[in-house]
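Listed below, chain by chain, are the residues.
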Amino acid sequence: MYDVAIIGAGITGCSLAYELGKYNVKAIVIEKENDVSVGTTKANSAIVHGGYDPETGTLMAKYNVAGNERIKELCGKLDVPYKQIGALVCAFSEEEVKHVEALKERGIANGVPGLEVWDQAKVREEEPNISDEVVAALYSPTTGIVSPWELAIALAETAATNGVEFMLNAEVTNITKAGDVYTVETPAGNVEAKYICNAAGVYADKVNEYVCKKSFTILPNKGEYYLLDKSQGSLVNHVIFQCPNEKGKGVLVSPTVHGNLIVGPDSQPSAADDLSTTTEGLNFVRTTALKSVPTINYRESIRNFAGVRARTAVHDFFIFEDKEQKGFFNISGMASPGLTSAPAIAVDLVKMLGESGLELVEKENVVDTRKVNRFKHMSHEERAALIKENPLYGKIICRCETVTEGEIVDALHRPIVPTSIDGIKRRCNAGMGRCQGGFCGPRVQEIIARELNMPLEDVYQDRVGTVIITGETKEGGAK
Ligand SMILES: Cc1cc2nc3c(=O)[nH]c(=O)nc-3n(C[C@H](O)[C@H](O)[C@H](O)COP(=O)(O)OP(=O)(O)OC[C@H]3O[C@@H](n4cnc5c(N)ncnc54)[C@H](O)[C@@H]3O)c2cc1C
């Protein structure tokens, strides 16, 4: 019997697991996929928002501002790529200047520090490649960029180190309650727990309704992106937004923490599992972004992708204990700024669990730091020392991103074990470069099979079923 079962291992579930790992609480995270961070957490703009955009008084405003601070601290402690590069919200007309000034006032009311409105000259000075049509901009110094999946993985690994269990490949198909105990049904086995935390992203309404009355509806909404090569990564210095509208924060242009340029997203109602990119969506993104930064070279595009927002009609997060089913908590409606907010929500959710009766005794000897070897960013001396210690760090597997076999092997022996090529990509960056894994993919597949002692054909590209090879083409082929 568990004290707490968390459903969903995105940034929301992993943040909560990390916080619960600090207490003598028996907790488990149940995830339908074969890895953590494979839902919306892996496909978004990766911005740590400042907090000027959400309506004052909403949960979004509260947790955005708190989460912005919290992420900075967590990324430092847990060795996650993060940069506080600031953001500009561009105004293209006098009307939009008023909008930008109103955003500044809202930001101040939300508690966002350091907001300024820059005139055209200042904008041009700081962003030489920005459009001449930009007449002013809101500057938000606390906005940052992060690697969202690495943050979720770091939180999950730390939680696991502190004793939280992770049950992967376990889709929750039903939940029942007898007395004070919930039974969570999955094909991988049932789990009994006193408290349930529903962090199932775009499926949170479905999970809620297994045992609670309908109280919210997720309206999935897709956003499509371009990811451009590092040759475009320094085109802008800040996250460049246009004025937000009723569809959201609009199309942005931003460097990524890995040195690429990200452009997107659009906003379209979609199915929860629709990760397709479309000609219309990408055309809209491309032309809209050129309005802010006219010299983006889309020939340097290395990937298109889409992510699905867990929106609701209310445009706020739903964070509550069900009125009738005591012990059942929803952390849902996690549309943007959900990534920024999740680590701060988790802190409060632990308090809410405590108020509901969960005994919270702090653990002694909690592990709260983490270090990852990133060969690419090491000095010559550091590299030499590492190779001497472990020669696998002398074998480059991904040439685009300079990722060594040592880093891949290390990732395969950390607390949450990746079993797919993309699982390694999310941990080590192998396959993130210009060739997108064309060269290193088969090598990574072999290393996974060797280290985890599994058949090569069982190593998938990403989710279960994304088969790469089905077996040898000829019996008795060369071994
Ligand atoms: C286009 C786009 C851009 C965005 N940009 C930003 C941004 O720049 N900054 C920001 O702060 N936020 C942004 N967001 C929002 C942010 O990405 C989300 O708030 C966040 O990733 C949600 O995390 P989550 O853990 O709640 O959901 P997810 O990451 O989707 O995780 C939910 C998990 O639950 C699992 N699950 C679902 N059903 C079940 C089941 N029945 N049984 C077991 N497991 C289940 C899923 O497999 C998944 O792993 C953006 C979102 C989108 C789509």
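Since this is a predicted model, take the numbers as computed values, not measurements.

Rules of the game
- Residues numbered from 1 in each chain as written.
- Predicted model: local features only at pLDDT ≥ 70, side-chain atom pairs only at ≥ 80, totals over all residues.
- Heavy atoms only, no water.
- Pairing = 2+ DSSP bridges.
- Helix = DSSP H or I, 4+ residues; strand = E, 2+ residues; numbered from the N terminus.
- Near = heavy atom within 4 Å.
- Polar contact = N/O pair within 3.5 Å; in protein donor to acceptor, adjacent residues only side chain to side chain.
- Areas by Shrake-Rupley, 256 points an atom, 1.4 Å probe, with all protein chains shown as cover.
- Domains from an automatic or database assignment.
- Buried area = accessible area lost by both parts, 1.4 Å probe.
- Salt bridge = Lys/Arg side-chain N within 4 Å of Asp/Glu carboxyl O.
- Expected span 1.5 Å × (residues − 1).
- Buried < 20%, exposed > 50% of the residue type's maximum accessible area, 1.4 Å probe, protein only.
- Arc of directions from axis to C-beta.
- Contact = heavy atoms within 4.5 Å.
- Axes fitted to C-alpha atoms, helices over the stretch in contact; angles between N-to-C directions.
- Parallel < 35°, antiparallel > 145°, perpendicular 65-115°, else oblique.
- Nonpolar A, V, L, I, M, F, W, Y, C, P; charged D, E, K, R; others polar.
- Disulfide = S-S within 2.5 Å.
- Phe/Tyr/Trp six-rings, centres within 6.5 Å; stacked < 30°, edge-to-face > 60°.

(A) View of the sheet that holds strand β3 (residues 47-48). As summarised here, the arrangement of the 3 strands in space is β3-β8-β4, forming an open sheet in which the pairing is antiparallel. Across the chains shown, the open sheet's two edge strands, defined by having one partner strand only, are β3 and β4 (82-83). As judged from the 2 bridges shared by β3 and strand β8 (residues 144-146), these two strands associate in the antiparallel manner. Across the sheet, residue Ile47 finds its bridge partner in β8, namely Ile145.

(B) Molecular detail of the site of the ligand. The immediate surroundings of the ligand are formed by 37 residues, with Thr12, Glu31, Thr41, Met334 and Thr340 found nearest. One nitrogen or oxygen atom from the main chain of Lys32 is found 3.1 Å from a nitrogen atom belonging to the ligand. Here Ala46 contributes a backbone N or O atom positioned 3.5 Å from an oxygen atom of the ligand. Burial of the ligand by the protein chains amounts to 97% of its free accessible area of 1000 Å². Counting only elements with at least two residues in the shell around the ligand, the list comes to α1 (11-20), β18 (301-311) and α8 (338-355). Taken domain by domain, the shell around the ligand gets at least three of its residues from each of domain 1 (1-82 + 145-218 + 312-371) and domain 2 (87-141 + 219-309).

(C) Geometry of the domain arrangement of the protein chain. Domain annotation for the protein chain reports domain 1 (1-82 + 145-218 + 312-371), domain 2 (87-141 + 219-309) and domain 3 (375-458). Taking both sides of the interface into account, the surface hidden between domain 1 and domain 3 amounts to around 1100 Å²; carbon and sulfur atoms contribute 53%. Of all residues in domain 1, Asp35, Trp149 and Glu157 bury the most surface against domain 3, accounting for 42% of the area lost on that side. Run the count over domain 1 and domain 3 and you get 3 salt bridges.

(D) Helix α7 (residues 279-292), seen in detail. The terminal C-alpha atoms of α7 lie 21 Å apart, and with 14 residues this matches the ideal 20 Å at 1.5 Å per residue to within 8%. Those residues of α7 that fall on the buried side of the exposure criterion are Gly281, Leu282, Val285, Thr288, Ala289 and Ser292. Buried residues along α7 cover an arc of 140° about the axis, so they all sit on one side. Residues of α7 that are exposed and point more than 90 degrees away from the buried face comprise Thr279, Glu280 and Thr287. The secondary structure elements touched by the buried residues of α7 are β13 (219-228), β14 (239-242), β15 (252-255), β16 (261-264), β17 (268-269) and β18.

(E) Representation of the packing of helix α10 (residues 405-412) against helix α11 (residues 421-428) within the structure. Closest axis-to-axis distance for the α10/α11 pair is 10 Å, and the angle between their directions is 110°. Between α10 and α11, the crossing angle belongs to the class labelled roughly perpendicular. Residue-level contacts link Glu407, Ile408, Ala411 and Leu412 of α10 to Ile424, Arg427 and Cys428 of α11. Residues that form the contact of α10 with α11 fall into these classes: 5 nonpolar, no polar and 2 charged.

(F) Quick look at α1. Of all 10 residues that make up α1, 10 are buried, and the element is covered over most of its length. When α1 is considered as a whole, its buried residues turn out to be Ile11, Thr12, Gly13, Cys14, Ser15, Leu16, Ala17, Tyr18, Glu19 and Leu20.

(G) Molecular detail of the pairing of β15. Residues of β15 alternate between two faces, with Leu252 and Ser254 on one and Val253 and Pro255 on the opposite face, all of them buried. Across 4 bridges, β15 lies against β16 in antiparallel orientation. Paired with Leu252 across the strands is Gly264, a residue of β16. Linking β15 to β16, which pair antiparallel, is a turn of 5 residues; within it Gly259 sits at a positive phi near 95°.

(H) Main features of the pattern of salt bridges. Counted by the stated rule, this structure contains 38 salt bridges. The salt bridge involving Asp79 is made with Arg374; its shortest N-O contact spans 2.9 Å. Here Asp79, found in the loop between α2 (59-78) and β4, pairs with Arg374, found in the loop between α8 and α9 (380-389); they are 295 residues apart in sequence, far enough to count as distant. Linking Arg434 and Glu300 is a salt bridge whose minimum nitrogen-to-oxygen distance equals 3.0 Å. Highlighted residues: Arg434 in the loop between α11 and α12 (441-452) and Glu300 in the loop between α7 and β18, separated in sequence by 134 residues. Look at Arg434 and you get partly exposed, because its relative accessible area is 46%. Relative accessible area serves as the criterion here: at 15%, Glu300 is assigned to the buried category. Via salt bridges that share partners, Glu19, Lys22, Arg70, Glu73, Lys77 and Asp368 belong to a single interconnected network.

(I) Looking closely at the state of the cysteines. What the rule picks out here adds up to 0 disulfides. Between Cys14, a cysteine without a disulfide, and Cys197, which holds the nearest cysteine sulfur, the sulfur-to-sulfur distance is 13 Å. Of the cysteine sulfurs around Cys440, a residue in no disulfide, the closest is that of Cys398, at 4.2 Å. Overall, the relative accessible area of 3% leaves Cys440 in the buried class.

(J) Region of the structure containing the packing of aromatic side chains. A complete count under the given rule lists 7 aromatic pairs for this structure. Ring geometry for Phe216 and Phe320: centres 6.5 Å apart, planes at 90°, overall edge-to-face. On the criterion of sequence distance, the pair formed by Phe216 in the loop between α6 (204-208) and β13 and Phe320 in strand β19 (residues 318-321) is long-range, its members being 104 residues apart. Accessibility expressed as a relative area gives 4% for Phe216, which makes it buried. Ring geometry for Tyr225 against Phe305: centres 4.6 Å apart, planes inclined by 15°, an arrangement best described as stacked. With a gap of 80 residues between them, Tyr225 in strand β13 and Phe305 in strand β18 connect regions that are remote in the sequence. The same class applies to Tyr225 and to Phe305, which are both buried. Grouped by ring-pair contacts, the aromatic residues Phe216, Phe318 and Phe320 constitute a single cluster.

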